[in-house]
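Chain by chain, the residues:
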Amino acid sequence: MEFAVFVTLPGLVILLTVVAFADQIWRLTGRGKRTGQISSTGFEQLHATFSQGKQNELKERQSALVLRDDEEDGAPPHRSTVDLKGGRAVIRISRPTA
């Protein structure tokens, strides 16, 4: 009979709340070595069930994790250089050919 409660929406919310409290207690006692929160994932998925905007946000977040981030992306033009550690930028402007 208890299983039937957890397959309903209110039962799912109760189950997620219990898991969230257990997750927080587990992390506060120092036994959990991870930095993220598992309980927030369940609540985000529940929120996405009822909100189309949240579904789009989760899909965008997932696609951002898959995409590659090249070092050259957003770099200055070819002959210009930026040294962030040294605090120096060299910008060479090409002359138009007549």
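Before going into details, it helps to say that this report is about the structure given with it. Just so you know, the residues in each chain are numbered from 1, in the order the chain's sequence is written. Local features in this predicted model are restricted to residues of pLDDT 70 or higher, and side-chain atom pairs are both shown and tallied only at a pLDDT of 80 or more, whereas totals for entire chains, interfaces and linings draw on every residue. Side-chain calculation: all heavy atoms of the structure are included, whereas hydrogens and water are not.

Take the overall build of the protein chain next. Counting its secondary structure elements, the protein chain contains four helices and two strands. Accessibility here uses a 1.4 Å probe with only protein chains present; expressed as a share of the type maximum, an area under 20% marks a residue as buried, one over 50% as exposed, and anything in between as partly exposed. For the protein chain, the residues scored as buried account for 11% of the 98 residues in total. Using a 1.4 Å probe, the Shrake-Rupley method yields the accessible areas, and only the shown protein chains count as cover for residues. When the accessible surface of the protein chain is split by element, carbon and sulfur atoms take 61% of a total near 8,900 Å². Labels follow the DSSP assignment, with helices taken as runs of H or I lasting at least four residues and strands as runs of E lasting at least two, numbered in each case from the N terminus.

To continue, consider a nonpolar patch on the surface. Like charges are joined within 9 Å and nonpolar side chains (Val, Leu, Ile, Met, Phe, Trp, Tyr) within 5 Å, but only among residues with over 30% relative accessible area and no salt bridge; these make up the patches. One speaks of a salt bridge when a side-chain nitrogen belonging to Lys or Arg is within 4 Å of a carboxyl oxygen belonging to Asp or Glu. A surface patch of nonpolar side chains, about 490 Å² in accessible area, is lined by Leu9, Leu12, Val13, Leu15, Val19 and Phe50. Top contributing element to the nonpolar patch by residue count: helix α2 (residues 9-28), with five residues. Here Leu12 shows up in helix α2.

Applying the stated criterion across every chain, the model contains four salt bridges. A salt bridge links Glu57 to Arg61, with the shortest nitrogen-to-oxygen separation between them at 2.9 Å. With a gap of four residues between them, Glu57 and Arg61 both fall in helix α4 (residues 52-66), about one helical turn apart. It is possible to trace a salt-bridge network through shared partners that takes in Glu44, Lys54, Glu57 and Arg61.

Before going further, it helps to spend a moment on the side chain of Lys54. Following the sequence through the fold, Lys54 ends up in helix α4. Exposure remark for Lys54: the relative accessible area of 12% places this residue in the buried category. Each residue touching Lys54, except ones within four places of it in the same chain, is listed here: Glu44, His47, Ala48 and Arg61. Residue contacts follow a heavy-atom distance rule, with two residues in contact if any of their heavy atoms lie within 4.5 Å.

The next subject is the environment of Leu15. Within the secondary structure, Leu15 sits in helix α2. Its relative accessible area of 35% is what places Leu15 among the partly exposed residues. In the structure, Leu15 is positioned ten residues away from Val5 in sequence and 9.5 Å away in space, judged by C-alpha atoms.

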